[in-house]
Amino acid sequence: MPVGTPFHPRTSELCTSLFYKDWAGYYTIRSYDTCHEREYYALRNAAGLIDVSPLYKYDIHGRDAEAFLTRVMAGDVSRLPVDRCRYLCWCDDHGKVLDDGTVARLDDEYFRVTAAEPSYAWLLQQSRRFDVVIEDSTDRLGVLSLQGPTSRDILMRIAGPRIETLRYFGLMKTRLGGVEVVVSRTGYTGDLGFEIWVDRAHALQVYDSILEAGHDYRIQPVGLDAMDVARIEAGYIMNGVDYFSANTCLIESRKSTPFEIGLGWTIDLEREPFLGQAALKAEVANGSAWAKVGLVYDWPAFERLFAEYGLPPQLPGGAWRSAIPIYSQQGQQVGQATSGAWSPILKDNLAIASVRPNWAAPGTILQIEVTVEYERHRVPAVVTPTPFFDPPRKRA
Amino acid sequence: MSKMTFKNKPTSARYDAIVVGGGHNGLTCAAYLARAGHRVLVLEKRPVVGGAAVSEEVFPGFTYTSCSYVVSLFRPHIMRDLQLARHGLEIIPLEASFLPLPDGDSLCRWSDPHRTRREIAHFSAKDAEVYPEFSLAMSQLARFTKSVIDNPAPDPASLRPRELSQALRASEGLRMANADQRFLYMKLLTMSAADFLDQWFESDVLKAPMSVSGIIGTFLGVRSPGTAYVLLHHYMGEIDGAMRAWGFARGGTGGISNAIARSAQAFGAEIVTEAGVSRVIIQNGKATGVVLENGDEIHAPTIVSGLDPRRTYLGLVGEENLHADTVEHLGHYKFRGSSGKVNLAVDRLPEFACRPGDGPHLYGDIAIAPGVGYLERAYDQAKYGEFSERPYINMVVPTLVDPTMAPPGKHVISCFVQYAPYDIKEGAANWPTRREAFGDAVVDTLAEYIPGLKDSILHRQVLTPWDLETEYGLTEGNIFHGELSLDQLLFLRPLAGWAKYQTPVRNLWMCASGTHPGGGIMGASGEMAAKAILGRRAA
């Protein structure tokens, strides 16, 4: 049976829908009301407060912390300044992705890694020749994600004007409602937003002070369903949905390299040795088997298809994550859409897909399978660069 | 989105097309023309674009969505064609329709059907179950009608192949209807909203707020024949592809206009504000340019008017350039505005006596319409030249979903008020002397439901039909550029024979709400006018 996060006493009171799911063994809320719509709009127009405590978190201390992470991470952390975060992934020896997440540098010899899958044993195994201590801080820390256009105003109200100086992917140690916290300008919505890292013992105090300060800025507690739509609009991939950790795959073809899942930009190949480096260099020379792309359904064709059945176009209520075949215009299967959502902001039906590289150029027209009244059809979908939605306030 | 600034002088004296009036339809037309590669100039009289779809900071720190306040029928394909989302457009669906009652009771209709059923059952167990059946029947009819609003209105008096094929296309939807649905459609076209609803429901509390959609913007009462048809419009609204009801625009309805303006600019259109047009230059029966109020002349082979029919024909063109018949018909075109607008800046969220506190019931439209009789009485007063002492009010609190429209913790309340007849018995020009009394009637009415309202008001803006005319260019204060009654729709809008965005003056076109399909923030008139203009060019 799942357990509650440090914020469970508060969130469970607010969750009138009783609509929960199990995330990494924790009770997490899909939506507080019967439908996630109001929560989605709060993320884009006001502010949403999401409990993301189940993220796996590892605190790395020690003289060799930097050297250790430089060795295990595919993204270079050796040049990461104190009070900055970066997004990256890490691979096995064959260059296959194990997980993606952020690394935050809290101090010279103190880093924090987030992960989607349990990674403690693997980190420990790689740390043998390094002078580091690895703490699994998953259960010790509560994490709140405060996202949306008014999120900064809310934090400034409690933590003061210094919050305004916090740049995209920066972090800051500060106090919220008298409690020491770490605030990072990060998130999974592609909007202006922050994540607040607090010791479990003081979690509720922080929750209360944010919700109280947020009242005047129309803050809403937000569940995972609304965040899932936002992350698709932002073009963020998800481990276990858009790709799979190499160490959970039964078959080789399920594994992915960073280049194949659109994370090539996070890799620094020309540097001191890191895990998977040789394989990744070879891949750059020989080409990748897959590419991750954004797809936008051809709406008029989608609408026409439903109209043939006398139906209005039927849209998924939220984000979906059951893979759908993708075909070339000649009818050859060239990949699969791994997740998608109707974007209420863009008025576009979006998908994130893995396709063979020949079909990955922006503007390429592919075919995506659509089922209407139990019958399978295909409608055109065009390869579109991600993020689909990228408001200037995200970085401003 | 940052505030928009515009030039106040055109950069050239010659363009491919000039659009007179920067309302949302004028901007839409301009954007489509610019997208097709034309050099387009938009001339707007006021310092801001949007016409009646405008957001203004009338009181410091508070953004009023001055005139129009919700959006329902804005065509989704226009949002995609013009990439409006990327230019800042966002429409947020209203969550509920809330009806407070004077006796402390209330009815709230939600998007959650079970919750709605429970609410209605409190008044009538039968109505609670009929309600979804009614919605289904209306949604089916609305779908048949969609092809009518997405195509130019065919002329039934013409046998030209082009007209016939347009007629076929427009009736495409209705051909899918079965006999029962066609009969129902006929009833909708001919009955009053109240009578039509009587055939389905027994509860007055349910029928009253439903019937008001039949009267908005018309000088008719809920018992006047022909008002049932507009009920359909409530089921035609499309948000997110699905047929959904109504939505807020982020930043007020000016947010829509600004997004269209940005899109038009991105396609190369030039928008000039504080540039009123005094007339269209006509040479040998052809429009060749415009004269600005400052006397400057600007030329273009295509002139498009975003003004209403009276302002276009009698203002820009002038009676001397029209046939006497046309002038005569135009005289019969009904404006007779019937509504006003009251915008309030308040220091706290309104708290209803019947449902105290903050909650999702406030995240939608709130109707003061406690009974069919109440609505008809409100109309009675208007018939004899008075504003309703206890009017129908449609109220929204946009700051709930877009808190940036007011300082933290404070709110904006936007109230659509009917009836406020343009021709009050004191004479329309004397509206300014009645303005505050009208505002008081609205606030007094609301205060009966929101006891703390008066103490919370920081600022009040009252717009009478006369104000809508003088400030926003809406003749007689009609919010739709002329009534949306059956005798003024389709091939009859604005005038029989001139329903295809053309006018008797060659090269002068119309693109706004006074043309088919007209009404509300739809963009359809602007888009179809642009397509008619581009089609003519191609031919």
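Residues numbered from 1 in each chain as written. Chains lettered and ligands numbered in written order. Predicted model: local features only at pLDDT ≥ 70, side-chain atom pairs only at ≥ 80, totals over all residues. Heavy atoms only, no water.

Observations concerning the overall build of chain B
Heads up, the condition is: Per the convention used, a helix needs a DSSP run of H or I reaching at least four residues, while a strand needs a run of E reaching at least two, with both numbered from the N terminus. Radius of gyration here uses only the C-alpha atoms, and the compact-globule reference equals 2.2 Å multiplied by the residue count raised to the power 0.38. Should any heavy atoms of two residues lie within 4.5 Å, those residues are considered in contact. Areas reported as accessible are Shrake-Rupley estimates using a 1.4 Å probe. Residue values count occlusion only from the protein chains shown. His is not counted, nor are the chain ends, whereas Lys and Arg count as positive and Asp and Glu as negative. The atoms used to mark charge sites are NZ of Lys, CZ of Arg, CG of Asp and CD of Glu.
In terms of helices and strands, chain B carries 18 helices and 19 strands. For 539 residues, the compact-globule estimate of 2.2 N^0.38 gives 24 Å, and chain B sits close to it at 22 Å. Taken over the C-alpha atoms alone, chain B extends approximately 65 × 55 × 45 Å along its principal axes. Looking at chain B alone, contacts between residues at least 24 apart form 73% of all its contacts between residues at least 6 apart. Per element, the accessible surface of chain B, about 19,700 Å² overall, is 52% carbon and sulfur. Positive and negative charge centroids in chain B, built from 53 and 58 side chains respectively, lie 7 Å apart.

Section: the interface of chain A and chain B
Often, the extent of an interface is quoted as the loss of accessible area on bringing the components together. Stated formally: Joining two parts hides part of their accessible area as seen by a 1.4 Å probe, and the buried area is that hidden amount summed over both. The salt bridge criterion pairs a side-chain nitrogen of Lys or Arg with a carboxyl oxygen of Asp or Glu, the two atoms within 4 Å. What qualifies as a polar contact is a pair of N or O atoms within 3.5 Å, subject to a donor-acceptor requirement within protein and to the restriction that residues adjacent in sequence count only when both atoms come from side chains.
Listed by partner, the interface residues are 32 residues for chain A and 35 residues for chain B. Buried area between chain A and chain B, summed over both chains or domains, comes out near 2,700 Å², and the portion from carbon and sulfur atoms is 48%. The largest share of the area that chain A buries against chain B comes from A:Asn45, A:Arg218 and A:Lys347, three residues that together contribute 27% of it. Applying the counting rule to chain A against chain B returns two salt bridges. The salt bridge partner of B:Glu95 is A:Arg38, with a shortest N-O separation of 2.4 Å. Inspection of the chain A/chain B interface yields nine residue pairs in polar contact (both at pLDDT 80 or more). Every element with two or more residues in the side of chain A that touches chain B is listed here: helix 2 (37-45) and helix 9 (299-307) of chain A. Ranked by residues supplied to the side of chain A that touches chain B, first place goes to helix 2 of chain A with five residues.

Topic: the environment of B:Pro301
The residue B:Pro301 is located in the loop between strand 12 (297-299) and strand 13 (302-305) in this model. Linking B:Pro301 and B:Lys286, residues 15 residues apart in sequence, is a C-alpha distance of 8.7 Å.

Focus on the side chain of B:Thr65
Position of B:Thr65 relative to the elements: it lies in strand 4 (residues 62-65). Only 2.8 Å separates the side chain of B:Thr65 from the backbone oxygen of B:Ser68, close enough to count as a polar contact.

Section: the environment of A:Glu233
The topology assignment puts A:Glu233 in helix 7 (residues 224-233). For the pair A:Glu233 and A:Trp342, spaced 109 residues apart in sequence, the C-alpha separation works out to 8.8 Å.

Looking at the side chain of B:Thr227
Residue and element names in this part refer to chain B. So the rule is basically this: When accessible area is computed with a 1.4 Å probe and restricted to protein chains, residues below 20% of their type maximum are described as buried, those above 50% as exposed, and intermediate ones as partly exposed.
Mapped onto the elements of the fold, Thr 227 is located in the loop between helix 9 (204-211) and helix 10 (233-236). Exposure remark for Thr 227: the relative accessible area of 0% places this residue in the buried category. A polar side-chain atom of Thr 227 sits 2.7 Å from the main-chain carbonyl oxygen of Ser 224. Setting aside residues no more than four positions away along its own chain, Thr 227 makes contact with Met 191, Ser 192, Ala 193, Gly 214, Ile 215, Leu 220, Gly 221 and Val 222.

Things to note about the sheet that holds strand 4 (residues 56-61) of chain A
Residues and elements named next belong to chain A. Put simply, the rule reads: DSSP bridges decide pairing: two strands pair if at least two such bridges lie between them. Every axis in this analysis is a line fitted to C-alpha atoms, fitted for helices over the stretch in contact. Angles between the N-to-C directions lie between 0 and 180 degrees.
Overall, antiparallel pairing links the five strands, which are arranged 5-6-7-4-8 in an open sheet. Unpaired on one side and paired on the other, strand 5 (84-91) and strand 8 (133-136) mark the two borders of the sheet. Neighbouring strand axes in the sheet, compared pairwise and without regard to direction, differ in orientation by 25° on average. Where strand 6 (residues 97-107) lies against strand 7 (residues 110-115), four bridges are found, and the strand directions are antiparallel. Bridging across to strand 7, Val 103 finds its partner in Val 113.

A short note on the confidence of the model for chain B
Any segment with low pLDDT has predicted coordinates that should not be analysed in fine detail. Condition: Per residue, pLDDT measures the predictor's confidence, with a range of 0 to 100.
Across chain B, the average pLDDT comes to 91, with 97% of residues at 70 or higher. As scored by the predictor, the complex reaches a pTM of 0.92 and an ipTM of 0.88.

Considerations on the packing of aromatic side chains
The criterion, for reference: Note on aromatic contacts: the rings of Phe and Tyr and the six-membered ring of Trp form a pair at centre separations within 6.5 Å, being stacked when their planes are under 30 degrees apart, edge-to-face when over 60 apart, and tilted otherwise. Definition used: whenever NZ (Lys) or CZ (Arg) falls within 6 Å of the ring centre and also within 35 degrees of the ring normal, the charge is taken to sit over that ring.
Evaluated as defined, the whole model comprises 27 aromatic pairs over all chains. Seen in terms of ring centroids, B:Phe134 and B:Trp200 are 5.0 Å apart; in terms of plane orientation they differ by 80°. Their pairing is edge-to-face. Highlighted residues: B:Phe134 in helix 4 (residues 125-149) and B:Trp200 in the loop between helix 8 (193-198) and helix 9, separated in sequence by 66 residues. Each member of the pair, B:Phe134 together with B:Trp200, is buried. Between B:Phe134 and B:Phe201 the ring centres are 5.3 Å apart and the planes differ by 65°, which places this aromatic pair in the edge-to-face class. Here B:Phe134 is found in helix 4, whereas its partner B:Phe201 is found in the loop between helix 8 and helix 9, with 67 residues between them in sequence. Pair check on accessibility: B:Phe134 and B:Phe201 agree, each one buried. Across the ring face of B:Tyr363, the terminal group of A:Arg38 is positioned such that the distance to the ring centre comes to 5.3 Å. Sitting over the face of the ring of A:Trp290, A:Arg356 holds its NZ or CZ atom 3.6 Å from the ring centroid.

Side note on the nonpolar core
Here is the rule: Put simply, buried Ala, Val, Leu, Ile, Met, Phe, Trp, Tyr and Cys residues joined by side-chain atoms within 4.5 Å make one nonpolar core.
Residues B:Phe196, B:Met395 and B:Leu446 are the most contacted members of the largest nonpolar core, which totals 182 residues. If one sorts the elements of this core by residue count, helix 4 of chain B sits on top with 10 residues. Counting residues in each nonpolar core, the second largest holds 29 residues, with A:Cys15, A:Ala47, A:Leu176 and A:Ile219 among its members.

A closer look at the pattern of salt bridges
Considering all chains together, one arrives at 49 salt bridges over all chains under this definition. The salt bridge involving A:Asp268 is made with A:Arg86; its shortest N-O contact spans 3.4 Å. Of this pair, A:Asp268 sits in the loop between helix 7 and helix 8 (277-286) while A:Arg86 sits in strand 5, and the two are 182 residues apart along the sequence. One salt bridge in this structure joins B:Asp380 and B:Lys383, with 3.1 Å as the shortest N-O distance. In this pair, B:Asp380 and B:Lys383 both sit in helix 14 (residues 372-383), three residues apart, roughly one turn of the helix. By relative accessible area, which is 38% here, B:Lys383 ends up partly exposed. Shared partners join several salt bridges into a network, and the residues in it are A:Asp59, A:Arg112, A:Glu135, A:Arg140 and A:Asp199.

Focus on the pairing of strand 4 of chain A
Residues and elements named next belong to chain A. Counting buried residues along strand 4, five of its six residues qualify, which places the element largely inside the surrounding structure. Judged from the six bridges that link them, strand 4 and strand 7 form a sheet pairing that is antiparallel. Across the sheet, residue Asp 59 finds its bridge partner in strand 7, namely Arg 112. Where strand 4 meets strand 8, four bridges bridge the pair, whose relative direction is antiparallel. Across the sheet, the residue bridging to Ile 60 is Ile 134, located in strand 8.

Remarks on the state of the cysteines
Quick reminder of the rule: The disulfide criterion used throughout: a pair of cysteine sulfur atoms within 2.5 Å.
With the rule as written, the count across this model stands at zero disulfides over all chains. In this structure A:Cys249 is not part of a disulfide, and its nearest cysteine sulfur, from A:Cys91, lies 13 Å away. For the unlinked cysteine B:Cys67, the closest cysteine sulfur is that of B:Cys415, found at 14 Å.

A closer look at helix 4 of chain B
The following threshold applies: Helix span is expected to be 1.5 Å times the residue number reduced by one. Throughout, bend refers to the angle between the axes fitted to the seven residues that end at a position and the seven residues that start at it.
Counted at 1.5 Å a residue, the expected span for helix 4 of chain B with its 25 residues is 36 Å, and the 36 Å between its end C-alpha atoms agrees. Its axis deflected by about 30° at B:Tyr131, helix 4 of chain B carries its strongest bend there, up to four residues before the proline B:Pro132.

Focus: the packing of helix 3 (residues 113-121) of chain B against helix 4 of chain B
Residues and elements named next belong to chain B. Our working rule: What makes a crossing left-handed is the near helix being turned counterclockwise from the far one by less than a right angle; a clockwise turn instead makes it right-handed. Residue classes follow a fixed rule: Ala, Val, Leu, Ile, Met, Phe, Trp, Tyr, Cys and Pro count as nonpolar, while Asp, Glu, Lys and Arg count as charged, and any other residue, Gly among them, counts as polar.
Here helix 3 crosses helix 4 at 145°, and the two axes come no closer than 7 Å. You can see that helix 3 and helix 4 cross each other, and the crossing is right-handed. Side by side, helix 3 and helix 4 meet where Thr 116, Arg 117, Ile 120 and Ala 121 of the first sit next to Ala 125, Asp 127, Ala 128, Glu 129 and Tyr 131 of the second. Of the residues belonging to the contact of helix 3 with helix 4, the class tally is five nonpolar, one polar and three charged.

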